Amino acid sequence: MPACGHPSKRSVAPRLGVAWSPVDNRTTVRGGWGMFYQPLTVSFYRGTVFRVYPYFAGVDIRQPEVFGPGNIAVLAGGVNPASVQKRSEFIDYDLKQPFIQQWHVNLERELPFGMTGEAGYIGSKGSNLPFYGDPNSVPTEYTADGTKRIVPGATLRYPSWGRIRTRTNVARSIYHGLVLGLNRRFNQGLMLQGSYTYGNSRDTWSGGQLGDSDFDNGTGNATDWWDPEYEFGPSNFDVRHNL
């Protein structure tokens, strides 16, 4: 593959940092910005290696949960061939390199009694992040008042297929945080440290590269694969106050 067609060959990741003492040596202002790339590892691709029809299909077995040896009896009962679904997993051919930008501004001031106080702002923005869902869904539409609903009377886009989970990387994220801190370096047998962060994290996908959910309040698939921006909201790991 030519170098111009390999996204990682263009992954230039600059970083910039500055520091300034505007008044005296007891006050310092620091700031920085950087770009960081996320490689698409084996975990992003491996599901499509073996989950391709006709070598992969699915069936739903509707009955009470069983464990251990009970599963043998369930499987021995066989399934109705009519209930077998064509299933596959795909990856978007035209993937882009995921990356994140991070920045911060920090004010630090030496205080009496050997204390140091700081206040700062930190932020980050993720682009081209992994996004995972099932394109074989019932079409949706927006009403005049902006409410999203399933198209009345519509069926699956591809009725002869079951689940067609597909990985792409159109997700995005944004984070803003306020950081306050108070520190006392170790002196005369005493050291103190305290910090508080007010953060706000929002994204269109909080899942991992595997398409599963790393958090109890998340799901393994997007609600609507065709409308990524509909997923935008508080991240599954959003914590507003951290002390």
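All figures in this text were calculated on a predicted structure; none of them were measured in a lab.

(A) Geometry of the pattern of salt bridges. Tallying each qualifying case throughout the model produces nine salt bridges. Salt-bridge contacts for Glu 108 lead to Arg 30; the nearest nitrogen and oxygen are separated by 3.7 Å. In this pair, Glu 108 is assigned in strand S6 (residues 99–110) and Arg 30 in strand S2 (residues 27–37), connecting sequence segments 78 residues apart. The exposure class of Glu 108 is partly exposed, given its relative accessible area of 23%. Salt-bridge contacts for Arg 165 lead to Glu 89; the nearest nitrogen and oxygen are separated by 2.9 Å. Note that Arg 165 is positioned in strand S10 (residues 164–187) and Glu 89 in strand S5 (residues 88–91), a separation of 76 residues in sequence. The exposure class of Glu 89 is buried, given its relative accessible area of 3%. It is possible to trace a salt-bridge network through shared partners that takes in Glu 89, Arg 165 and Arg 167.

(B) Here's a closer look at the environment of Arg 30. Arg 30 gets classed as partly exposed once you look at its relative accessible area, which sits at 35%. Taking the C-alpha atoms as reference points, Arg 30 and Leu 107, separated by 77 residues in sequence, lie 6.5 Å from one another. In contact with Arg 30, not counting residues within four places along its chain, are Val 18, Ala 19, His 104, Val 105, Asn 106 and Glu 108.

(C) Local environment of unusual backbone geometry. A positive phi angle, close to 65°, is found at Phe 113, a residue other than glycine. Tracing the sequence through the fold places Phe 113 in the loop between S6 and strand S7 (115–133). On the basis of relative accessible area, Phe 113 is assigned to the exposed category, the value being 74%. If you check the backbone angles, Asn 128 has positive phi at about 60° while not being a glycine. Topologically, Asn 128 is positioned in strand S7.

Basis of the calculations
- Residues numbered from 1 in each chain as written.
- Predicted model: local features only at pLDDT ≥ 70, side-chain atom pairs only at ≥ 80, totals over all residues.
- Heavy atoms only, no water.
- Salt bridge = Lys/Arg side-chain N within 4 Å of Asp/Glu carboxyl O.
- Helix = DSSP H or I, 4+ residues; strand = E, 2+ residues; numbered from the N terminus.
- Buried < 20%, exposed > 50% of the residue type's maximum accessible area, 1.4 Å probe, protein only.
- Contact = heavy atoms within 4.5 Å.

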